[in-house]
Amino acid sequence: MPALARAPAAARGDDPFADLNAEQRAAVEHGIGADAAPPLLPGGPAPLLLVAGAGSGKTNTLAHRVARLIVAGADAQRLLLLTFSRRAAQEMERRAGRVVARVLGRRDGADAPALPWAGTFHGIGARLLREYAPRIGLAPGFTIHDRGDAEDLMGLTRLELGLAETAKRFPHKGTCLAIYSRVVNTCASLEQVLQSAYPWCAEWQAPLKRLFGAYVEAKAAQNVLDYDDLLLFWAGMLEDAGLAAEIGERFDHVLVDEYQDTNRLQAAILKRLKPDGRGLMVVGDDAQAIYSFRGATVRNILDFPAEFGAARVLTLERNYRSTRPILDASNTLIGRAAERHAKALWTDRGGTRAPQLVAVPDEAAQARWVAERVLEEREGGLALKAQAVLFRTASHSAALELELARRDIPFVKFGGLKFLEAAHIKDLLAILRMAENPQGRIAGLRVLRLIPGVGPVTAARVLDRLDTAADPGAALATFLPPGAVAPQEWQDFVAMFAALRAARAWPADLEAARAWYLPQLERLYDDAGARRADLDQLSALAAGYASRERFLTELTLDPPEATSDRSDRTHRDDDYLVLSTIHSAKGQEWTAVHVLNVVDGCIPSDMAVGTREEIEEERRLLYVAMTRAKERLHLVVPQRFYVTQQAVRGDRHVYAARSRFIADADLGRYEQLAWPPAPASGLPAAPGGPVLDIRRQARAAWA
Ligand code: ATP
Ligand code: MG
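Residue numbering note: each chain is counted from 1, following its sequence as written. Working convention: letters from A go to chains and numbers from 1 go to ligands, in the order in which they are written. Side-chain atom pairs in this predicted model are given and counted only at pLDDT of 80 or more, local residue features only at pLDDT of at least 70, and totals for whole chains, interfaces and linings cover all residues. Side-chain numbers come from the whole structure's heavy atoms, not from hydrogens or water.

A. Quick peek at the pairing of strand β2 (residues 79-82). Burial of the side chains of β2 extends over both faces: Leu79 and Leu81 are buried on one face and Leu80 and Leu82 on the other. For two strands to pair, DSSP has to find at least two bridges joining them. A run of H or I in DSSP becomes a helix once it reaches four residues, and a run of E becomes a strand once it reaches two; helices and strands are each numbered from the N terminus. Inspection of the sheet shows β2 paired to strand β6 (residues 253-256) by 4 bridges, in the parallel sense. Considered in β6, the bridge of leucine 82 is made with valine 256. For the exposure calls, accessible area comes from a 1.4 Å probe over protein chains only, and a residue counts as buried if that area is under 20% of its type's maximum, exposed if over 50%, partly exposed in between.

Here is the structure:
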C-alpha cells in the first residue's frame, strides 16, 4: 500500500481538496487521513453516512472521496459506485477523474482512471448476474424485460389462467405488475401490500398469488428477467455466504449516492456485500425522498447507524448551490413537512431576486411566458443549457413543446421516455432480443407477427417449437407456415434470423435486422419516413456499445434521454434547453429554473391525493424542483385548465388553485406577478379568471 503523503501537486498549492469545507473534508478523508492508522485498513474504513440537504455538496464530496481513495492507492477496479442513473455515474467518473488529474499534476485530465463498476443498482446487478449465471443456475443469455414487456407477459399469464374473464373485473395487467413489483421491492407479503397500497384489490389475493407464481414460472421458462429480478436475484445470490464473501471481496469500497431513494432490497444487497459496513459510504437527504411509490424507503437512511453499529454520521449544513432568497423559500416549504429531520441549511450566496410566483391565464400562456423568459435569458447571455423547465408529469410539457418548436428553440426532454416506447423501435429491438434469446416469448410474438400473414396462433406454434429446440435456426427453417404466409417471406425471415444467430458482429447485426425490417415498416406504417429517422438514430446509438448484449441490456435499463422528432436538430454539443420531469432532475442544477403547473391537482398530483404520506412525497417533489435553481426560480401558476370531456360535448375549463404547499403565510418569500399584465385600458381581468364562459353558453344552446 503506498504511503499517503499528499501528491506533489498539492504541495504546490493546487490542492483540489482545498475548496472543501471542514465537514466535506472529514467525509473525504474518512478512514484515510490522519485519523486512520494504518491508512486504508484491510477491511476498509468504518461505515459512513453523509446526510445533508440539497445543494450541500454531497455528490461533490462523493466524487472527491473517490478521487482521494484512488490517490491514496485504492484500485479503481475495486470501487463500486452506485448512482441513480448511468448519466450520474458518468458525471461522477468525470468529476473524480478531474480531481485525480489535478492531484497528479495533469491538467488535461488524461489518464483519469475509468471506474468500470460505476452504475445503477440495476445495471451493476445485470452485469454480476450474467457473470455468475453458471453458478446460480441461470442461463447466461437471459434477456431483460422493461416495464412494458413485463406488463405484456403479466397480461399473457393472466389470460392463460383465465383471470381476464372473471365476472367481476380482475385488476388490469399494469396494476398486477405494480402490486407484484411492490411486494418484491419492499420485501413485504402480498397481503401487507394489498392492505396498505391496493385495498380495492384485496379480494383478489388468492388469484393474484396464483398469477404471480405463474408469472415467475413463465420468466424462468423463457429465460428472461424483469427489472425487479435484477435486484431480487442479486440479493438472492448474496444469501449464499460463500458467494457473498467472494463478491463482497471484489470491492474495497462501496459508495452510494441518493441513498434516500433506495428500497429494502437495495439495502439488503449492501448489507450482504459489506456485512460490517467496512468500506461502505452512503449519502442522501431524507427531505428529497421521492420514490416511495416504487418501494423506496427513507428508513434505509434513518436506520443506517443502527444497522451498522460502528457507523459514523456526518452532516453538511452549507448550501453552495442557491442564492439566499431561493434557499429561504425552499427551506420554508420543506419546513412545513409533517415529519422532518431538521437540517438548517445556510448559504453565503447573496442575491436579492426572490423566486417568482407567476400567475398566467392558462397553459398556452404558460408556454408563451416560459418561452419568452428563456429567450430573454439567452439574450442576456445565459446559455439554454443553463436553464431548465421542470414538471410533475411528462405530459405537462406538451403545450410548451409545441411553443418551443414554433419558435425554433432546441430542447431535450428527460423523463417520460418515449423513444424506446415507439412501436417501430420496439420492433427492431425485439428482433435483436429474439436472436439473443429465442425462448423469450414477448419479443418472439412481436417479431413473428411482423411477418405478413402470421397471426397470433401461428406465432404461438412457432414459439412452442422454439421452446424446446436445441437449434432454434433449424427449428424455424423446418417449420411449415400456413398458406397465408408467402414462402419467400418466411425464408427471408429465417435467413435473417440465422445471420443474427451466427454472426454476432456488432453493430452489423443491427443493420441486418434493420434491412429485413424496413419493408415491414413501409407496409405497416403510414408515416414510415419519420420512423426511419428514428431507426437511424438507433443505429447511431448502437455504435457506442461493445456488443449486442450490452446494447440491449443498457438500453433497457437506462434508456436514452427521450428524443423528440426535433432531436435530429439537437446534437449533444449544441445549446439546448432542458425539459425534465422533477423525478429525472434529481441531483442536477441550473442557473434558471422554471417549474410548470404549480397548482393543486398537478403538484400535489390528483393521482396522489390519497394518504398523507403521498401528499408529503409531493411536497418533497416540489422541494426537489425548487432546490435545482442556482439564481433564478420561477413557479408558474396557470389559473385555468381546459379539459376535454367525452360526456359533455366540447371542452370546458376548470379553475386551478395555487399549490397548497405554498401557504398564504409564505407568500412574502416570493415576488408575485401576473402575466400578461392587465391591459392599460378597459376593464382589468377578474383575479380568479372570467366569471362567465360566454362561448360555452352559446355552445350549450346547440348541444
Ligand atoms: P443534491 O441534494 O441536489 O443532490 P448535493 O448535496 O449532491 O445536491 P452537489 O451537487 O454535490 O450537492 O453540489 C451542489 C453545488 O455546490 C455544485 O455546483 C458544487 O460544485 C458546489 N459545491 C459543493 N461543495 C462546494 C465547495 N466546498 N465549494 C464550492 N462549491 C461547492
Ligand atoms: Mg447530489
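Moving on from the coordinates now.
B. Focus on the site of ligand 1. Around ligand 1 lies a shell of 19 residues, among which Lys58, Asn60, Gln288, Glu589 and Arg628 are the nearest. Here a polar contact is recorded for every N or O atom pair within 3.5 Å, except that within protein the pair must consist of a potential hydrogen donor and a potential acceptor, and residues adjacent in sequence are included only if both atoms are side-chain atoms. In this structure, a nitrogen atom belonging to ligand 1 sits 2.9 Å away from a main-chain N or O atom of aspartate 19. Calculation of accessible area relied on Shrake-Rupley with a 1.4 Å probe; when residues are assessed, cover is drawn exclusively from the protein chains displayed. Considering ligand 1 on its own, with 630 Å² of exposed area, one finds that the protein chains cover 83% of that surface. Here the shell around ligand 1 takes 3 residues from helix α3 (residues 58-71), the largest share from any one element. Here a residue is considered near a molecule or strand provided that any single heavy atom belonging to it is located within 4 Å of it.

C. Looking closely at the packing of helix α16 (residues 363-379) against helix α17 (residues 398-406). Following both chains from N to C, one finds α16 and α17 inclined at 45°, their axes separated by 8 Å at the closest point. With respect to their mutual orientation, α16 and α17 come out oblique. By crossing handedness, the relation of α16 to α17 is classed as right-handed. For the pair α16 and α17, the contacting residues are Glu363, Ala367, Arg368, Val370 and Ala371 in the first and Ala399, Leu400, Glu403 and Leu404 in the second. Only Asp, Glu, Lys and Arg are considered charged, only Ala, Val, Leu, Ile, Met, Phe, Trp, Tyr, Cys and Pro nonpolar, and every remaining residue, Gly among them, polar. Of the residues assigned to the contact of α16 with α17, the class counts are 6 nonpolar, no polar and 3 charged. All axes are obtained by fitting lines to C-alpha atoms, using only the stretch in contact for helices, and the reported angles, taken between N-to-C directions, cover 0 to 180 degrees. Roughly parallel covers angles under 35 degrees, roughly antiparallel covers those over 145, roughly perpendicular covers 65 to 115, and oblique covers all other angles. Take the far helix as the reference: if the near one is turned anticlockwise from it by less than a right angle, the crossing is left-handed, and if turned clockwise, right-handed. Pairs of residues are marked as contacts when any of their non-hydrogen atoms sit within 4.5 Å.

D. Molecular detail of the nonpolar core. Definition of nonpolar core: a set of buried residues of the types Ala, Val, Leu, Ile, Met, Phe, Trp, Tyr and Cys, connected through side-chain atoms within 4.5 Å. Core analysis: the biggest nonpolar cluster contains 66 residues, and Ile179, Leu208, Phe212, Trp234 and Leu270 have the highest contact counts within it. Discounting chain neighbours no more than four positions away, the residues touching phenylalanine 212 are Met154, Cys176, Ile179, Tyr180 and Leu190.

E. How the structure looks around the pattern of salt bridges. Any carboxyl oxygen of Asp or Glu within 4 Å of a side-chain nitrogen of Lys or Arg constitutes a salt bridge here. Under the defined criterion, the tally for this structure stands at 48 salt bridges. Several salt bridges share partner residues, and in doing so they unite Arg349, Arg373, Glu376, Glu377, Glu631 and Arg632 into one network.

F. Molecular detail of the pairing of strand β11 (residues 411-414). Residue alternation in β11 divides its side chains into two sets, Phe411 and Lys413 and Val412 and Phe414, and both sets are buried. Sheet topology places β11 next to strand β12 (residues 577-581); 4 bridges connect them, and they run parallel. Each residue of the ladder has a partner; that of phenylalanine 411, found in β12, is leucine 577.

G. Region of interest: the packing of aromatic side chains. Paired rings are identified among Phe, Tyr and Trp, the last through its six-membered ring, by centres lying within 6.5 Å, and are further divided according to the angle between planes into stacked (under 30 degrees), edge-to-face (over 60) and tilted (the rest). Within the structure shown, the criterion is met by 15 aromatic pairs. Judged by centre distance (6.3 Å) and plane angle (35°), the ring pair of phenylalanine 493 and phenylalanine 497 falls under tilted. With a gap of 4 residues between them, phenylalanine 493 and phenylalanine 497 both fall in helix α22 (residues 487-503), about one helical turn apart. Overall, phenylalanine 493 belongs to the buried group, its relative accessible area being 0%. Ring centres 5.4 Å apart and planes at 55° place the aromatic pair phenylalanine 493 and tryptophan 516 in the tilted group.

H. Region of the structure containing the environment of alanine 118. The topology assignment puts alanine 118 in strand β3 (residues 118-119). By relative accessible area, alanine 118 is classed as buried at 18%. Distance from alanine 118 to glutamine 77, taken between C-alpha atoms, is 9.6 Å for residues 41 residues apart in sequence.

I. Summary view of the sheet that holds β11. Pairing is parallel in the open sheet, where 7 strands are placed in the order β11-β12-β10-β13-β14-β9-β17. The open sheet has two free edges, formed respectively by β11 and β17 (671-674), since each of these has just one partner strand. With strand direction ignored, the average angle separating the axes of adjacent strands in the sheet is 20°. Where strand β10 (residues 387-391) and strand β13 (residues 590-595) come together, 4 bridges link them in parallel fashion.

J. The sheet that holds β6, seen in detail. Read from one edge to the other, the open sheet built from 6 strands follows the order β3-β2-β6-β7-β1-β8, with strand pairing classed as parallel. Only two strands of the sheet have a single partner each, and these edge strands are β3 and β8 (312-316). In the sheet, β6 pairs with strand β7 (residues 280-284) via 3 bridges, with the strands oriented parallel. Note on β7: the bridge partner recorded for valine 256 is valine 282. Set on the sheet, helix α2 (residues 22-29) makes contact with β1 (48-52), β7 and β8; between it and β8 the angle comes to about 145°.

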